[in-house]
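# Residue-level structure breakdown
Here are the chains, one letter per residue:
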Amino acid sequence: MSRCLVTGGAGFIGSHLTEELLAAGHHVTVLDNLSTGRSENLKGLVGHPRLTICTGSITDQMLLAELVRDADSIYHLAAAVGVKLVADDPVRTIETNIYPTEALLQLAVQGGGKPFFLASTSEVYGKNPKEQWTEEDDLHLGPTSRPRWAYGCSKAIDEFLALAYFRKHGLPVVIGRFFNVVGPRQVGHYGMVIPRFVDQALIGGPVIVYDDGGQVRCFAHVREVVASIMSLMRTPSAQGQVFNIGSDKPWSIRQLAEAVIAKVDPAVRIEYLPYSKAYGDDFEDVRRRVPDVSRLKRTIGSAPHLSLDSILEDIIAWKRSQTTSNAS
Ligand code: UDP
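In short, a report on the structure. Keep in mind that this is a model prediction, so the values were computed, not measured. Counting starts from 1 at the beginning of each chain's written sequence and moves along it residue by residue. Per-residue local features of the predicted model are confined to residues with pLDDT of at least 70, and side-chain atom pairs are confined, for both listing and counting, to 80 or more; whole-chain, interface and lining totals are unaffected and use all residues. Values reported for side chains reflect all heavy atoms of the structure, with hydrogen atoms and water molecules removed beforehand.

## What about the overall build of the chain?
This is how it is decided: Helix and strand assignments come from DSSP, with helices taken as H or I runs of at least 4 residues and strands as E runs of at least 2, each series counted from the N terminus. What the globule rule says is 2.2 Å times the number of residues to the power 0.38, and the radius of gyration is computed from C-alpha atoms. Using a 1.4 Å probe on the protein chains alone, a residue whose accessible area is under 20% of its type maximum counts as buried, one over 50% counts as exposed, and one in between counts as partly exposed.
For the chain, the count of helices and strands is 12 helices and 13 strands. Here the C-alpha radius of gyration of the chain, 19 Å, is about what a compact globule of 328 residues would show, namely 20 Å. With the principal axes as the frame, the chain shows a C-alpha extent of 60 × 50 × 40 Å. Every one of the 328 residues in the chain was classed for burial, and the buried ones make up 54%.

In structure tokens form, the structure reads like this:
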């Protein structure tokens, strides 16, 4: 049993991680400024005897120092996330994603070398044209004139920092690059495709597919992603390494739209929208994003593999329950 600090613990992935850490018997302190995180995500845990919720910013150095002092391990998930949010506010992306990570790493070293999980992203690979991406592949970020790349670039700097702290100070860091993590509690406001498609289908459509829908992604259930994080943090050989965390089953966005429609209401239509209308003229998408998860499998013995079908069922059931509870 240990004391875990989860930054971004009221967010989509953070709240699921918080829940599982508590279920495993740990004490958890959540730090979240509730910008994209929502207190609703922790609703079921309020009053839990081993949970402390701290509403504050990861840019608050004094607060960070206090929270790290009281923690045995750190799960750093707080960040500006989502392609839409990041494209809309690149200054905030850089400020939120870079300086606080360094401050936390420094504090973790000063505290005697506290185990540190850094949440990173498949965005760091940029537009790498390979069929499947391995952790040692080159990063193909686009030009700085296109705000999308600020996100991947900021997280790549975080990774450099974390690995430098591992090499220089022996800080036990583990880095996870998330690939399209989805599940209950994810909202569509920041661009994420599945909650948007499900919301659109539930109100009778149309489901809005950007471009021609031929772009490819792999979707991993948040429950399996959280299990991977916790397992990596229990595995000493994971320290100082980067891991792709996700499913390796590819789906085109058109196939995804069809799958959502088939489950919610077969009468719903698909409409295609150019990227320029969805995100503005200086937007670039990633055409194909498929991870190689062999390093993860080798290290912890498994990788997320739940089918898209089960994932969608889980999300649709959650959305429907939300609609019912909001109406009553
Ligand atoms: N997308 C879409 N309609 C939407 C939102 C997203 O067609 O309402 C597409 C988007 O262009 C991208 C894919 O779905 O190719 C996944 O988008 P998301 O923002 O969920 O994640 P990304 O992989 O881009 O980080």
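That covers the picture; the talk isn't over yet.
## Observations regarding the side chain of Lys114
Formally: Within this scheme the basic residues Lys and Arg register as positive and the acidic residues Asp and Glu register as negative, but His and the chain ends are omitted. Any Lys or Arg side-chain nitrogen found within 4 Å of a carboxyl oxygen on Asp or Glu counts as a salt bridge. Polar contacts, as used here, are pairs of N or O atoms within 3.5 Å; protein pairs need one atom able to donate a hydrogen and one able to accept it. Residues neighboring in sequence count only if both atoms are side-chain atoms. Residues are treated as being in contact if the distance between any of their heavy atoms lies within 4.5 Å.
Relative to the elements of secondary structure, Lys114 occurs in the loop between α5 (99-110) and β5 (116-121). The side chain of Lys114 sits in the buried core without any salt bridge; Asp72 is the nearest counter-charge, 5.8 Å away. Within the structure, the side chain of Lys114 is placed 2.7 Å from the backbone oxygen of Ala71, a separation counted as a polar contact. Non-local contacts of Lys114, meaning those with residues more than four positions away in its chain, are made with Val68, Arg69, Ala71, Asp72, Ile74, Ala108, Leu171 and Pro172.

## Some thoughts on α5
Cut-off, in case you're wondering: Under the convention used throughout, the expected extent of a helix is 1.5 Å for every residue step, that is, one less than its residue count.
Over its 12 residues, α5 runs 17 Å from end to end, which matches the ideal 16 Å to within 8%, given 1.5 Å per residue. Buried within α5 we find Pro100, Thr101, Ala103, Leu104, Leu105, Leu107 and Ala108. The first or second residue beyond α5 is Gly112, which carries a positive phi of 100°.

## Brief notes about the pairing of strand β6 (residues 173-178)
Put simply, the rule is: By definition, two strands form a pair when at least two bridges between them are found by DSSP. With strands facing away from the observer, any crossover in which the path from the first strand over the helix to the second runs clockwise is taken as right-handed.
Burial within β6 is extensive, with 6 of its 6 residues counted as buried. Residues Val173, Ile175 and Arg177 of β6 are buried on one face, and the alternating residues Val174, Gly176 and Phe178, pointing to the opposite face, are buried as well. Taken together, the 6 bridges between β5 and β6 define a ladder with parallel strand orientation. Pairing of Ala119 across the sheet is with Gly176, part of β6. Running through helix α6 (residues 148-169), the crossover from β5 to the neighbouring parallel element β6 is right-handed. Bridging between β6 and strand β11 (residues 241-245) involves 5 bridges; their strand directions are parallel. Following the sheet pairing, Gly176 is matched in β11 by Phe243.

## A word on the site of the ligand
As a reminder of what qualifies: If even one non-hydrogen atom of a residue comes within 4 Å of a molecule or strand, that residue is called near it. Surface accessibility follows the Shrake-Rupley procedure with a 1.4 Å probe radius. Residue values consider only the protein chains on display as shielding. Here the term charged refers only to Asp, Glu, Lys and Arg, the term nonpolar to Ala, Val, Leu, Ile, Met, Phe, Trp, Tyr, Cys and Pro, and the term polar to all other amino acids, Gly among them.
In the vicinity of the ligand there are 17 residues, among which Val193, Tyr210, Arg217, Asp285 and Arg289 approach most closely. A distance of 3.0 Å is found between an oxygen atom of the ligand and a side-chain nitrogen or oxygen belonging to Asn180. Contact with the protein chains hides 95% of the accessible area of the ligand, taken as 520 Å² for the molecule alone. If you list the elements that add at least two residues to the shell around the ligand, you get α7 (193-202) and β8 (207-210). For the shell around the ligand, the per-class residue count stands at 9 nonpolar, 3 polar and 5 charged.

## Thoughts on the nonpolar core
Soluble globular proteins: nonpolar side chains tend toward being buried together. The criterion, for reference: Side-chain atoms within 4.5 Å link the members of a nonpolar core, which is a set of buried Ala, Val, Leu, Ile, Met, Phe, Trp, Tyr and Cys residues.
Core analysis: the biggest nonpolar cluster contains 35 residues, and Leu17, Tyr75, Phe117, Phe178 and Ile245 have the highest contact counts within it. Contributing elements (two or more residues each) for this core: β1 (3-7), α1 (12-23), β2 (27-32), β5, β6, α8 (222-233), β11 and α11 (294-300). Considering each element in turn, this core owes the most residues, 7 residues, to α8. When neighbours within four sequence positions are excluded, Ile245 is seen to be in contact with Phe117, Gly176, Arg177, Phe178, Phe179, Val225, Ser228, Ile229, Leu232 and Leu296. Counting residues in each nonpolar core, the second largest holds 26 residues, with Leu5, Leu67, Ala71 and Ala108 among its members.

## Quick word on the sheet that holds β6
In plain terms, the rule: Fitted lines through C-alpha atoms serve as axes, helices being fitted only where they are in contact, and the angles separating the N-to-C directions of these axes extend from 0 to 180 degrees.
Ordered in space as β3-β2-β1-β4-β5-β6-β11, the 7 strands form an open sheet in which the pairing is parallel. Each edge of the open sheet carries a strand with a single partner, namely β3 (51-55) and β11. Each neighbouring strand pair of the sheet contributes to a mean axis angle of 20°, computed without reference to strand direction. Sheet strands in contact with α6 are β5, β6 and β11, and its direction is about 155° off that of β5.

## A short note on the packing of helix α2 (residues 61-69) against α5
What counts, and what does not: By convention, the crossing between two helices is left-handed when the near helix turns anticlockwise from the far helix through less than a right angle, and right-handed when the turn is clockwise.
Close contact between α2 and α5 brings their axes to 10 Å; oriented N to C, the two are set at 35°. The hand of the α2/α5 crossing is right-handed. Contact residues: Gln61, Leu64, Ala65 and Val68 in α2; Pro100, Ala103, Leu104, Leu107 and Ala108 in α5. The residue makeup of the contact of α2 with α5, split by class, is 8 nonpolar, 1 polar and no charged.

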